Structure formats: C-alpha cells, structure tokens
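# A closer look at the structure
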Amino acid sequence: MPIVIAHRGASGYLPEHSLAAKALAHASGAAFLEQDVVATRDDKCVVLHDIHVDRVTDVAVRFPDRARADGRFYARDFDLSELKQLRLTERTDASGNPVFPERFPAGPTGLTIPTLGEELALIKGLNHSTGRQVGVYPEIKKPAWHHKEGVDLAGLVLDVLAEYGYRDVPEEVFLQCFDLNENIRIRDEFNPRYPMVQLIADDAWGESDTRYGELLTESGLLGLKGVVDAIGPWIQQLYTVDNSVILETPLVEWAHGLELQVHPYTLRRDALPEGFSDFRALHQWVTTRGIDGVFSDFADVSVSLFTELGAENL
C-alpha cells in the first residue's frame, strides 16, 4: 500500500497547516504529515504554504499598511510575535473567494500560524500518546528567494529538526524541495541523514529556476541519483489522456530503475485530476502503478481506499 502523506494536514477539512489540521491528520491514519516552511523577519521557521500570508490569514485587517509594492503581504516582513496575532482562514483566491467552497467556511478562526517547532512538538506528543509513529515531511519553500532575503532557510529547518530529536530517526523524515540547486547544496553542505525529495512542477508555473521538463526524462532522473532519494511529481506528469483513456508515462518505471521512490501530489476528491471520474478510480490507478506514496488532502479517505483496494487484491 502506498504511504499516505497528509498534504498540509487534514486540509480537506480544516484550514491548511493549522495545528488542528495536523492533529486531525494524525488521527486519520496518515504515515507522514507535511510542513511547508518559510522564515520570519527574526529568522524563525513558521509553517505556511507560501511566502505570502494574505490568502490564508486576516493580515490585511490587522496590518493594512504592511503590504509590499506588489500588494502582497510577506511572512518575511513580520516578526514571529506579529504573525502570531494573525488568525488563519480557509484559503481564498485573489478576489477573496474560497478556493474550495465546500471545505471549511472562509473567514478568521481562532487558529494561529504555528512554528515548525510547535508542530514537531505536537506530532511527537501525539506519537507518544497514541503509540502511532507518524513521520514529518518538511518542505524548504523558495530557498533562492530566502537567500536573497538574507536567510538560509534550509539551515534553519535542519537545526529545528535536530532540536526536536529527528536527527537520530531519519526514517521518520522526508526533506523536500522544488529547487534542484538547493537540494544539491543541502546534500553537499549538510549531508543530512534524511531521505530527500526532488519535487517536480510544471515549467509554466515558475516555481523555481529548475528546468522540470528535463527532470521528466530518463537522463534527467539519472542526474538526481545520489542527490535525492525520491521524486515528488505533479500527478498529471505520470500519464496522458487520449480519448478518455489513461496512458501511463514511463516516469515511475525510470525512477524505480534508479532506486528513487515516487510520491506524486495531490489527491483531492473535490478537484480530481484530468481523466478520473471519481476518487476511488484515482486510488485504484495509483495502486496499479506501483507508486510508493501520495500526498492527499483527504488522508483518511485515501488510507481507507488503499486498505480496501489492498484487501481486494489479496
């Protein structure tokens, strides 16, 4: 059965990356919980999907004069004490409309932005009280941007992981990043014991200077061997659709030939990828491809479906 990674926690049910979402995700049966990490002005690691805070908090109400020239509010422009004054909300778009209208209602909640340390402490505590060892899956967000801001985010994240006891349990950590140059630097300068993951975006997204199209080739993957231990592609990079027929690309086969695990993102029952009519069919296809793990907004449903499908195949 593929491992299930709770994407931003139980983000299908609660505001993403809130501690409440992580607690619910822990109870869902997920094997790993994801943490996207950015840095504050005072170099603290906080768990946020973006370097901006305006789509997931009430920052425009509490600090209306703190936007940059582009109109966005950046986590890096706030001290941790200031970010703690914000209240998380369900993600909205640029117009203030909820991205997923059927999820948790948009609007400020009593939930606050967690630090990476607070989240790790919560997960450690839940592991102790439940007896379930759930791992962590931190992402170094936009490292090149952070370097320009004068901060080595990867170094900060690795320090926090060590502080909370993860240095000696590498099997409980995956360290991920979209930036290939940063993954190479992390491996060369820090040589972490944790398995590392090269995330793969679509070149049109402008995620980083990495040329993702080149990584989707057999020779491109060969260049990752010795740098990372797994790839995290967008799930629609694993197949094409021809007249409603799903045609698999050789990416999984190539990766496994190089001993790289494959952890695609993101399984959402309210935003199915092209070619799939329902959530169960998507999971059934994943099991037939030998995929090692998946990111899911609905980790509880994914665990249940994989368990059901595995039982059917016994």
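For the structure, see preceding data.
Okay, so let's go over this structure. Every value quoted in this text rests on a predicted model; they were computed, and no experiment measured them.

Attention now goes to the overall build of the protein. Counting secondary structure elements, the protein contains twelve helices and eleven strands. In terms of overall dimensions, the protein is globule-like: its C-alpha atoms have a radius of gyration of 19 Å, near the 20 Å expected for 314 residues. Within the protein, contacts between residues separated by at least 24 positions form 70% of all contacts whose residues are at least 6 apart in sequence. Looking at the protein as shown, the accessible area adds up to about 13,300 Å², and 50% of this sits on carbon and sulfur atoms. For the protein, the separation between the mean place of its 29 positive charges and that of its 49 negative charges on side chains is 4 Å.

Sizing a probe to match a water molecule and rolling it over the atoms shows the empty space that remains. Of the volumes computed, that of the largest pocket is approximately 620 Å³. Around the largest pocket sit 27 residues that line it, and Arg8, His49, Trp205, Tyr265 and Arg268 are the ones nearest its centre. Considered class by class, the residues forming the lining of the largest pocket number eleven nonpolar, seven polar and nine charged. Put simply, the second largest pocket is a space of about 200 Å³. Breaking the lining of the second largest pocket down by element, the ones donating at least two residues are strand E4 (135-140) and helix H5 (143-148). The element that contributes the greatest number of residues to the lining of the second largest pocket is H5, accounting for four residues. The residue makeup of the lining of the second largest pocket, split by class, is five nonpolar, one polar and seven charged.

This brings us to helix H11 (residues 279-288). Buried within H11 we find Phe279, Leu282, His283, Trp285 and Val286. Projected down its long axis, H11 shows its buried positions confined to an angular sector of 160°, all on one face. Taking the backbone nitrogen of Arg280 as reference, a side-chain oxygen 3.1 Å away marks Asp278 as the first, capping residue of H11. Directly beyond the C-terminal end of H11, a positive phi value near 70° is found at Gly290.

This next bit is on the pattern of salt bridges. What the rule picks out here adds up to 27 salt bridges. Note that Arg66 and Glu82 form a salt bridge whose closest N and O atoms lie 3.0 Å from each other. Placement of Arg66 in the loop between helix H2 (59-62) and helix H3 (80-83) and of Glu82 in helix H3 is noted, with a sequence separation of 16 residues between them. Exposure remark for Arg66: the relative accessible area of 23% places this residue in the partly exposed category. Since its relative accessible area comes to 15%, Glu82 is described here as buried. Asp77 is paired through a salt bridge with Arg68; the nearest N and O atoms lie 2.8 Å apart. Residues joined by salt bridges that share partners form a network here, namely Arg8, Glu16, Asp50 and Arg91.

Moving on, we get to the packing of helix H6 (residues 153-163) against helix H7 (residues 180-190). Each pair of packed helices can be described by the angle between their axes along with the distance between the axes. For the pair H6 and H7, the least separation of the axes is 11 Å and the interaxial angle reads 55°. The angle between the axes of H6 and H7 places the two elements in the oblique class. H6 and H7 meet at a crossing whose hand is right-handed. In this structure, H6 contributes Ala154, Gly155 and Leu158 to the contact, and H7 contributes Glu182, Arg185, Ile186 and Phe190.

Here Ser11 is to be found in the loop between strand E1 (3-6) and helix H1 (19-27). A polar side-chain atom of Ser11 sits 2.8 Å from the main-chain carbonyl oxygen of His7. Filtering out sequence-adjacent residues up to four positions away, Ser11 remains in contact with Glu16, Glu90, Arg103 and Asp297.

Attention now goes to the pairing of E1. A regular strand places its side chains on the two faces of the sheet in alternate fashion. Where E1 and strand E11 (residues 293-296) come together, four bridges link them in parallel fashion. For Ala6, the partnering residue across the bridge sits in E11 and is Ser296. Here E1 runs beside strand E2 (residues 32-39); their pairing, made up of two bridges, is parallel. Within the sheet, the bridge partner assigned to Ile5 lies in E2 and is Phe32.

Conventions used here
Residues numbered from 1 in each chain as written. Predicted model: local features only at pLDDT ≥ 70, side-chain atom pairs only at ≥ 80, totals over all residues. Heavy atoms only, no water. Helix = DSSP H or I, 4+ residues; strand = E, 2+ residues; numbered from the N terminus. Rg over C-alpha atoms; globule rule 2.2 N^0.38 Å. Contact = heavy atoms within 4.5 Å. Areas by Shrake-Rupley, 256 points an atom, 1.4 Å probe, with all protein chains shown as cover. Lys, Arg positive; Asp, Glu negative; His and termini not counted. Charge placed at Lys NZ, Arg CZ, Asp CG, Glu CD. 1 Å grid on protein atoms, 1.4 Å probe; cavity = no way out; pocket = protein on both sides within 12 Å on 5 of 7 lines; lining within 4 Å. Points joined across faces, edges and corners; volume = space filled by probe spheres on them. Nonpolar A, V, L, I, M, F, W, Y, C, P; charged D, E, K, R; others polar. Buried < 20%, exposed > 50% of the residue type's maximum accessible area, 1.4 Å probe, protein only. Arc of directions from axis to C-beta. Polar contact = N/O pair within 3.5 Å; in protein donor to acceptor, adjacent residues only side chain to side chain. Salt bridge = Lys/Arg side-chain N within 4 Å of Asp/Glu carboxyl O. Axes fitted to C-alpha atoms, helices over the stretch in contact; angles between N-to-C directions. Parallel < 35°, antiparallel > 145°, perpendicular 65-115°, else oblique. Left-handed = near helix turned anticlockwise from the far one by under 90°. Pairing = 2+ DSSP bridges.

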